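Spelled out, the chains give:
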Amino acid sequence: AHLKQAWQTASINIVIALIISISLIWLFYNITRRTEQELDHSQRELLAEAQRREKMQHDHIRELQHHALHDSLTGLPNRVLLLDHLSRAVHASHRNSAPLMLAVVDVNLLRAINDTLGHQVGDDLIIAVGNRLEERVGDRGIVARLGGDEFAILLPMLTELDAAGAAAKELV
């Protein structure tokens, strides 16, 4: 009888230990699963944030490049960008034996306009001249603002030398 009672006690202890083990395994599984889900969620959030910041950085770099290469008043290419285009155009012109045209346009009396009508009117005039030159040149070349009242027009790869004179007359 004593052996039977010891066996029953041992069996109960084994069952209790088994229940505790199963409960611990279940608890560990749930904690692990929840932790993995939280990690997955956190990883997705971190990835989304990294992608957002990368896009912001890319946009900021593009904006800085635009400011570095374009005139702030007119939005036209500036002297630096013009020199880059001119360098490439000269090489292409030499390689293809095709003439190019570079013209510098000066807005007469801008100083007098600024002094009498104000700088806003002068700025509006500069913007209008830049827009007008861009309309005339179209995609045949580029118009750049060199600064102040000066613009440059680059027409690369003309078909013949006489085309430069005709293009200059057309722009005026």
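Coordinates for the structure precede this section.
Just so we're clear, the structure is a prediction, and the values are computed from it rather than from any experiment.

K.L.:
Run through the overall build of the chain, naming residues and quoting values.
P.N.:
Within the chain, the secondary structure is distributed over five helices and three strands. The linear arrangement of helices and strands in the chain, starting from the amino end, is α-α-β-α-α-β-β-α. If you take every contact in the chain between residues at least 6 apart in sequence, the share linking residues at least 24 apart comes to 58%. For the chain, the computed accessible surface area is about 12900 Å², with 61% contributed by carbon and sulfur atoms.

K.L.:
How would you summarise the pattern of salt bridges if you had to cite specific residues and measurements?
P.N.:
A full pass over the atoms with the stated rule returns five salt bridges. With a shortest N-O distance of 2.7 Å, lysine 55 and aspartate 59 are connected by a salt bridge. Note that lysine 55 and aspartate 59 are positioned in helix H1 (residues 2–69) at a spacing of four residues, about one turn of the helix. Judged by its relative accessible area of 31%, aspartate 59 falls in the partly exposed class. A network of salt bridges, in which partner residues are shared, links Glu49, Arg52 and Arg53.

K.L.:
Explain the packing of helix H3 (residues 110–117) against helix H4 (residues 119–137) residue by residue, including any values.
P.N.:
Where H3 meets H4, the closest approach of the two axes is 6 Å, and the angle between their N-to-C directions is 140°. When the axis of H3 is compared with that of H4, the two are oblique. Between H3 and H4, the residues in contact are Leu110, Ile113, Asn114 and Leu117 and His119, Val121, Gly122, Asp123, Leu125 and Ile126, respectively.

Procedures and definitions
- Residues numbered from 1 in each chain as written.
- Predicted model: local features only at pLDDT ≥ 70, side-chain atom pairs only at ≥ 80, totals over all residues.
- Heavy atoms only, no water.
- Helix = DSSP H or I, 4+ residues; strand = E, 2+ residues; numbered from the N terminus.
- Contact = heavy atoms within 4.5 Å.
- Areas by Shrake-Rupley, 256 points an atom, 1.4 Å probe, with all protein chains shown as cover.
- Salt bridge = Lys/Arg side-chain N within 4 Å of Asp/Glu carboxyl O.
- Buried < 20%, exposed > 50% of the residue type's maximum accessible area, 1.4 Å probe, protein only.
- Axes fitted to C-alpha atoms, helices over the stretch in contact; angles between N-to-C directions.
- Parallel < 35°, antiparallel > 145°, perpendicular 65-115°, else oblique.

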